[in-house]
Amino acid sequence: MDDCIFCQIVAGDIPSRTVYEDDDVLAFLDANPLAPGHTLVIPKAHHERLNDLPADVGSAVFAAVHELTPAVEDAVDASASTVAFNNGEAAGQEVPHVHGHIVPRFEDDGGRPIHALVSERPDLSDAALDDIADAIAGH
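Sequence order as written defines the numbering, with residues in each chain counted from 1. Given that the model is predicted, a residue must reach a pLDDT of at least 70 before its local features are reported, and side-chain atom pairs must reach 80 or more before they are shown or counted; all residues, however, enter totals for whole chains, interfaces and linings. Excluding hydrogens and water, the side-chain figures rest on all heavy atoms present in the structure.

## Regarding the overall build of the protein chain
Part 1 of the argument: Under the DSSP-based scheme used, a helix requires at least four consecutive residues in state H or I and a strand at least two consecutive residues in state E, with every element numbered from the N terminus. Scanning the protein chain from N- to C-terminus turns up three helices and five strands.
Part 2 of the argument: When the helices and strands of the protein chain are placed in sequence order, the string is α-β-β-β-α-β-β-α.
Part 3 of the argument: For each residue, the accessible area found with a 1.4 Å probe, counting protein chains only, is set against the maximum for its type, and the residue is called buried under 20%, exposed over 50%, and partly exposed in between. Here the protein chain holds 139 residues, and 30% of them are scored as buried.
Part 4 of the argument: In what follows, a contact means two residues having at least one pair of non-hydrogen atoms within 4.5 Å. Sequence-distant contacts, at least 24 apart, represent 52% of the contacts inside the protein chain between residues at least 6 apart.
Part 5 of the argument: If you sum the accessible surface of the protein chain, you get close to 9,300 Å²; carbon and sulfur atoms cover 52% of it.
Part 6 of the argument: Between the centroid of the 6 positive side chains of the protein chain and the centroid of its 26 negative side chains there is a distance of 6 Å. All accessible areas in this document rest on Shrake-Rupley with a 1.4 Å probe, and a residue is counted as covered only by the protein chains that are shown. Charge counting treats Lys and Arg as positive and Asp and Glu as negative, with His and both chain ends excluded. A charged residue contributes its charge at one atom only: NZ of Lys, CZ of Arg, CG of Asp or CD of Glu.

## Some words on the side chain of histidine 97
Part 1 of the argument: Inspection of the secondary structure puts histidine 97 in the loop between strand E4 (80-85) and strand E5 (100-105).
Part 2 of the argument: N or O atoms closer than or at 3.5 Å make up a polar contact, with two conditions inside protein: a donor-capable atom paired with an acceptor-capable one, and, for residues adjacent in sequence, both atoms drawn from side chains. A distance of 3.1 Å separates polar atoms of two side chains, one belonging to histidine 97 and the other to histidine 46.
Part 3 of the argument: Among residues more than four places away in sequence, those in contact with histidine 97 are Cys4, Phe6, Cys7, Ile42, Pro43, Lys44, Ala45, His46, His47 and Glu48.

## Notes on the side chain of aspartate 30
Part 1 of the argument: On the secondary structure map, aspartate 30 appears in the loop between strand E2 (25-29) and strand E3 (39-43).
Part 2 of the argument: An unpaired buried charge is present at aspartate 30: no salt bridge exists, and arginine 17, the closest side chain of opposite charge, is 9.7 Å distant.
Part 3 of the argument: Side-chain polar atoms of aspartate 30 contact the backbone nitrogen of asparagine 32, separated by 2.7 Å. We define a salt bridge as a contact between a side-chain nitrogen of Lys or Arg and a carboxyl oxygen of Asp or Glu at a distance within 4 Å.

## Side note on helix H2 (residues 55-75)
Part 1 of the argument: Expected helix span is taken as 1.5 Å per residue step, with the number of steps being one fewer than the number of residues. With 21 residues, H2 should reach 30 Å at 1.5 Å per residue; the first-to-last C-alpha distance of 30 Å fits that figure.
Part 2 of the argument: Residue leucine 68 marks the point of greatest curvature in H2, where the axis turns by about 30°; the proline proline 70 follows within four residues.
Part 3 of the argument: Val57, Ala60, Val61, Ala64, Val65, Leu68, Thr69, Val72 and Glu73 are the residues of H2 that are buried.
Part 4 of the argument: Against the buried residues of H2 lie strand E1 (18-21), E2, E3, E4 and E5. At every residue, the bend is computed as the angle between two fitted axes, covering the seven residues ending there and the seven beginning there respectively.

## Looking at the packing of aromatic side chains
Part 1 of the argument: Here the aromatic set is Phe, Tyr and Trp, taking the six-membered ring for Trp, and pairing holds for ring centres within 6.5 Å; pairs whose planes are under 30 degrees apart are stacked, those over 60 apart are edge-to-face, and all others are tilted. Summed over all chains, the structure comprises one aromatic pair.
Part 2 of the argument: With a centroid separation of 5.7 Å and an interplanar angle of 70°, the aromatic rings of phenylalanine 6 and phenylalanine 28 are classed as edge-to-face. With a gap of 22 residues between them, phenylalanine 6 in helix H1 (residues 5-11) and phenylalanine 28 in strand E2 connect regions that are remote in the sequence.
Part 3 of the argument: On the basis of relative accessible area, phenylalanine 6 is assigned to the buried category, the value being 6%.
Part 4 of the argument: On the basis of relative accessibility, which here comes to 3%, the residue phenylalanine 28 falls in the buried class.

Such coordinate-based values are descriptive only and should not be taken to indicate function.
As structure tokens, this is what we get:
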């Protein structure tokens, strides 16, 4: 897509600090990092959400995330990392092209765990949990 910044990076129209590339995947340092080494991992083909991603491309993206996570941590001497995909605008996805974040984490970095994403957790009954589990399993 002509107006997608990540597609423009894949095409070479916008420079990036590429750290990994294969036939299906490109990974590069985030231009506005949350931490030193913050890396984005994207499919080269344009897919807006994980829901749109073919399974084989999803596997390639996750394989790259799996390979890159320890490399990113080692490169910046991080003791941990947060790996996340924001899937859709309501989840905070700013660029409508699938991208995974590898964010190196450090002691006392001020970051919060994934459980801090929401301030109020839902109070779900066992019946509601059963219904949700059935809906997911039956999809």
